[in-house]
Amino acid sequence: MLKNLETALSNKKITRSQVATVLGYAKYTTITEKLEGKTKFDFDEAVKLRQVFFPEYDLEFLFMNEKCITESKPKQTA
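Please read these numbers as outputs of a predicted model, since none were measured by experiment.

### Remarks on the nonpolar core
- Core analysis: the biggest nonpolar cluster contains 17 residues, and Leu5, Val19, Phe41, Phe54 and Phe63 have the highest contact counts within it.
- Mapped onto this core, the elements with two or more residues apiece are helix H1 (3-11), helix H2 (16-23), helix H3 (29-35) and helix H4 (43-53).
- Residues within four places of Phe54 in sequence aside, it is in contact with Leu5, Ala8, Leu9, Lys12, Ile14, Leu49 and Leu62.

### Focus on unusual backbone geometry
- Backbone geometry places Lys13, a non-glycine residue, at a positive phi of 55°.
- Tracing the sequence through the fold places Lys13 in the loop between H1 and H2.

### So, H4
- Of the residues making up H4, those classed as buried are Glu45, Ala46, Leu49 and Phe53. Down the axis of H4, the sector holding all buried residues measures 100°, keeping them to one side. Exposed side of H4, more than 90 degrees from the buried face: Phe43, Asp44 and Gln51 are the residues found there.
- In the core, the buried residues of H4 are packed alongside H2, H3 and helix H5 (59-62).
- You can read the cap of H4 off the contacts: a side-chain oxygen lies 3.2 Å from the backbone nitrogen of Asp44, and it is on Asp42.

### Thoughts on the packing of aromatic side chains
- Inspection of every chain in the model, using the stated rule, returns four aromatic pairs.
- Geometrically, the ring pair formed by Phe41 and Phe63 is edge-to-face, given 5.5 Å between the ring centres and 75° between the ring planes. A residue pair is termed long-range when its members are at least 10 positions apart, and Phe41 in the loop between H3 and H4 and Phe63 in the loop between H5 and helix H6 (66-72) qualify at 22 residues.
- Where Phe54 meets Tyr57, the ring centres are 6.0 Å apart and the plane angle is 65°; that geometry is what we call edge-to-face.

Reading the values: rules and limits
- Residues numbered from 1 in each chain as written.
- Predicted model: local features only at pLDDT ≥ 70, side-chain atom pairs only at ≥ 80, totals over all residues.
- Heavy atoms only, no water.
- Core = buried A, V, L, I, M, F, W, Y, C linked by side-chain atoms within 4.5 Å.
- Buried < 20%, exposed > 50% of the residue type's maximum accessible area, 1.4 Å probe, protein only.
- Helix = DSSP H or I, 4+ residues; strand = E, 2+ residues; numbered from the N terminus.
- Contact = heavy atoms within 4.5 Å.
- Arc of directions from axis to C-beta.
- Polar contact = N/O pair within 3.5 Å; in protein donor to acceptor, adjacent residues only side chain to side chain.
- Phe/Tyr/Trp six-rings, centres within 6.5 Å; stacked < 30°, edge-to-face > 60°.

This is a description of form; function is not addressed.
This is the structure in structure tokens:
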């Protein structure tokens, strides 16, 4: 799941239908699958979303998945 992208979409009140339209998809279900991690955004799609909706964010931030966030947290020692 792409929590950072989901949060950014929510903060700007951008709908999945709007994202689908920008990327040329007929249905927003394709975008839902991508946001949930069932399928992946390709690089060109990620760049386009950033350019159109989120020029203030880095690609790495927007498209960091939950697994990467968990793995990047420092391990706590006892």
